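# Inside the fold
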Amino acid sequence: MKRALALSLCLAAAACLAAEPQRSEAPRSGFDFMSPATQAMQRDDSANPGMLWVQDGARLWEQPAGAAQRACAACHDKAAQSMRGVAARYPAFDAQSGAPVALAQRINQCRQTQQRAAPWAAESQELLAMEAFVALQSRGLPLAPPADPRLQPARELGERLYRQRLGQLDLSCAQCHDGRAGQRLGGSVIPQAHANAYPVYRLEWQTLGSLQRRLRNCMSGVRAEPFAYGAPELVALELYLNARDAAAAQANRSAALAMEAPGVRP
């Protein structure tokens, strides 16, 4: 059985390698590639498992923390107003560090500087909960990466990484997600690699996970050493994906991708 699975993966990988990557003119959310049952789970907030993390995030938003004993709400008040559109604009340039930061990094930065609390660990229940809660406030809005020239070097790095072959399988993101979207690899449908639903609850993981976890998961899948959480390379990939999606939406407004977080995926 293991040998047959390995052969199947190798044959599918070979098909990806043979394809010349071509990006679809009409972007389609990963939602479109899911089964009707999984789509229904995402649509219904009472059935979407990611909403459990959102509820935790709402509680943390109001909870004083750190040496400052300050809650997020003390500075930002009602998240429905103050956080509307925020997640759609990340990653963004951070003047303090002189580099782009993802939303999870910004949350931890606020914890350290404003609450004087220890940062949450990557993929921790608390960090995912706050990220999901903030992302929910942008549901329905299109991705809107900042038009900041300081982000351009990172975007260019992200595109190079997206097109660079990696790992023992010698595959790039573009070969599968641009060249073979909608087809199958190892029994799973290959989506177009859009970031509009993160953080997502993956049925495979049985938990919520960030976009960086998914990127690391893909790197492991091609048998490459994953970048560390928060690494500039992962932030650059996030930047490129968002910029690509926004450009496609401007070119074809009917195909604009809206924020869906928290999404549900197989």
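Heads up: the structure comes first, above all this text.
In this text the structure is predicted, and so the values were computed from the model without any measurement.

Tracing the backbone shows Thr38 in helix H2 (residues 36-43). Judged by its relative accessible area of 8%, Thr38 falls in the buried class. Residue contacts for Thr38: discarding those within four places in its chain leaves Leu203, Val264 and Arg265.

A few words on the sheet that holds strand S7 (residues 263-265). Within the open sheet, the 3 strands sit side by side as S6-S5-S7. Their pairing is mixed. Looking along the sheet, the strands with just one partner apiece sit at the ends: strand S6 (207-209) and S7. Neighbour-to-neighbour, the strand axes of this sheet turn through a mean angle of 35 degrees, independent of strand direction. Looking at chain direction, strand S5 (residues 200-202) and S7 are connected through 3 bridges and run parallel.

Within this structure, the stated rule accounts for 3 aromatic pairs. Measuring from ring centre to ring centre gives 6.0 Å for Trp53 and Tyr201, while their planes differ by 55 degrees; the resulting arrangement is tilted. With Trp53 in helix H3 (residues 50-62) and Tyr201 in strand S5, the pair connects residues that are 148 residues apart, well separated along the chain. The class for Trp53 is buried, based on a relative accessible area of 10%. Look at Tyr201 and you get buried, because its relative accessible area is 9%. Positioned above the aromatic ring of Trp120, the side-chain terminus of Arg111 is 4.0 Å from the ring centre.

What follows is about the packing of helix H6 (residues 103-113) against helix H7 (residues 125-136). Remark: H6 packs on H7, axes separated minimally by 10 Å, with the N-to-C direction vectors making an angle of 110 degrees. Compared by their axis directions, H6 and H7 come out roughly perpendicular. In the packing of H6 onto H7, the handedness of the crossing is right-handed. Contact residues: Leu103, Ala104, Ile107 and Asn108 in H6; Leu127, Met130, Glu131 and Val134 in H7. For the contact of H6 with H7, the class distribution of residues is 6 nonpolar, 1 polar and 1 charged.

Cut-offs used in this document
- Counting of residues starts from 1 at the beginning of each chain's written sequence and follows it residue by residue.
- Predicted model: local features are reported for residues with pLDDT of at least 70 only, side-chain atom pairs are reported and counted for 80 or more only, and whole-chain, interface and lining totals are derived from all residues.
- The basis for every side-chain value is the complete set of heavy atoms in the structure, and neither hydrogens nor water enter the calculation.
- Secondary structure elements follow DSSP: runs of H or I no shorter than four residues count as helices, runs of E no shorter than two count as strands, and numbering proceeds from the N terminus.
- Exposure classes here rest on a 1.4 Å probe applied to the protein chains alone. A residue is buried below 20% of its type maximum, exposed above 50%, and partly exposed in between.
- By definition, residues are in contact when any of their heavy atoms lie within 4.5 Å.
- Each pair of strands is called paired provided DSSP finds at least two bridges between the two strands.
- In this description, a line fitted to the C-alpha atoms serves as the axis of each element, helices being fitted only across the stretch in contact, and the angle between N-to-C directions of two axes falls anywhere from 0 to 180 degrees.
- Pairing of aromatic rings covers Phe, Tyr and the six-membered ring of Trp, with a centre-to-centre limit of 6.5 Å; geometry is then stacked below 30 degrees between planes, edge-to-face above 60, and tilted otherwise.
- Only when the NZ atom of a Lys or the CZ atom of an Arg is both within 6 Å of the ring centre and within 35 degrees of the ring normal do we say a charge sits over the ring.
- What sets the label is the angle itself: under 35 degrees gives roughly parallel, over 145 gives roughly antiparallel, 65 to 115 gives roughly perpendicular, and the rest give oblique.
- Left-handed is the label given to a crossing in which the near helix is rotated counterclockwise from the far helix by less than a right angle, and right-handed is the label when the rotation is clockwise.
- Each residue is assigned to one class: nonpolar for Ala, Val, Leu, Ile, Met, Phe, Trp, Tyr, Cys and Pro, charged for Asp, Glu, Lys and Arg, and polar for all the others, Gly among them.

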